[in-house]
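# Chains, contacts and geometry: an overview
What follows is each chain in one-letter form.
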Amino acid sequence: MEKELEQFRQEVERQRAGRRGGSGPFPEPLRAFAVRYLAYALEKGDTVKAVVERLGVSEPTLQAWRRGQTPGSKARRGEQRAAPLVPVVVHPRKEEGLRAATTFAVVSSQGWRVEGLGLEEAAQLLRRLAC
């Protein structure tokens, strides 16, 4: 694990080289290693503070990676956050002569999309997602 830790630190320094105000987004394999290393170190009785010092990243960055967040996934100051999925009930108006949709698409604020659902399937998906 110590060899991977050293490789991680070198890659972090390489990412930061020549950039102002931080390093930009870290690649997924680096973030995944940091989260695995944190879990490993905490199991051995280390503190988060000791781990961030060894990794060479800030505690807020490591905690965000631990929660599965990446740069840009949180709204910056002054920006509005994307609204969470909200269940809705759709009642077609027959008096207007509109054709009812035969399939639906569910799109999340994180960017995933489920298409081709019937009305009941879309409702079940939203219920299961606890929306």
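Residues numbered from 1 in each chain as written. Predicted model: local features only at pLDDT ≥ 70, side-chain atom pairs only at ≥ 80, totals over all residues. Heavy atoms only, no water.

### Side note on the environment of Leu117
Tracing the chain through its elements places Leu117 in strand β2 (residues 113–117). Expressed as a C-alpha distance, the spacing of Leu117 and Ala105, which sit twelve residues apart in the sequence, is 6.4 Å. In this structure Leu117 touches Thr102, Thr103, Phe104, Val106, Ala122 and Leu125, once residues within four positions along its chain are discounted. (Helix = DSSP H or I, 4+ residues; strand = E, 2+ residues; numbered from the N terminus. Contact = heavy atoms within 4.5 Å.)

### Section: the pairing of strand β1 (residues 104–107)
The pairing of β1 with β2 spans three bridges and is classified as antiparallel. Each residue of the ladder has a partner; that of Val106, found in β2, is Val114. The hairpin turn running from β1 into β2, its antiparallel successor, is five residues long, and Gly111 in that turn takes a positive phi close to 105°. (Pairing = 2+ DSSP bridges.)

### With respect to the nonpolar core
One finds Phe8, Tyr37, Val51, Leu55, Val57, Leu62 and Trp65 to be the most contacted residues of the largest nonpolar core, which totals 17 residues. Contributing elements (two or more residues each) for this core: α1 (2–16), α2 (28–43), α3 (48–55) and α4 (59–66). Every residue in contact with Trp65, bar those within four places of it in the chain, is listed here: Phe8, Phe26, Arg31, Ala34, Val35 and Val57. (Core = buried A, V, L, I, M, F, W, Y, C linked by side-chain atoms within 4.5 Å. Buried < 20%, exposed > 50% of the residue type's maximum accessible area, 1.4 Å probe, protein only.)

### Focus on the packing of α2 against α3
Remark: α2 packs on α3, axes separated minimally by 10 Å, with the N-to-C direction vectors making an angle of 140°. Taken together, α2 and α3 sit at an angle that is classed as oblique. Relative to α3, α2 is oriented so that their crossing is right-handed. Facing Phe33, Ala34, Tyr37, Leu38, Ala41 and Leu42 of α2, the residues of α3 in contact are Val48, Val51, Arg54 and Leu55. Grouping the constituent residues of the contact of α2 with α3 by class yields nine nonpolar, no polar and one charged. (Axes fitted to C-alpha atoms, helices over the stretch in contact; angles between N-to-C directions. Parallel < 35°, antiparallel > 145°, perpendicular 65-115°, else oblique. Left-handed = near helix turned anticlockwise from the far one by under 90°. Nonpolar A, V, L, I, M, F, W, Y, C, P; charged D, E, K, R; others polar.)

### What to know about α2
The first and last C-alpha atoms of α2 sit 23 Å apart over 16 residues, in line with the 22 Å expected at 1.5 Å per residue. Every buried residue belonging to α2 is among Leu30, Arg31, Phe33, Ala34, Tyr37, Leu38 and Ala41, and all of these are buried. Projected down its long axis, α2 shows its buried positions confined to an angular sector of 160°, all on one face. Along α2, the residues that are exposed and aim more than 90 degrees away from the buried face are Pro29, Arg36 and Glu43. Looking at the buried residues of α2, the elements they touch are α1, α3 and α4. Backbone geometry just downstream of α2 places Gly45 in the positive-phi region, at approximately 100°. (Expected span 1.5 Å × (residues − 1). Arc of directions from axis to C-beta.)

These figures come from the coordinates and say nothing about function on their own.
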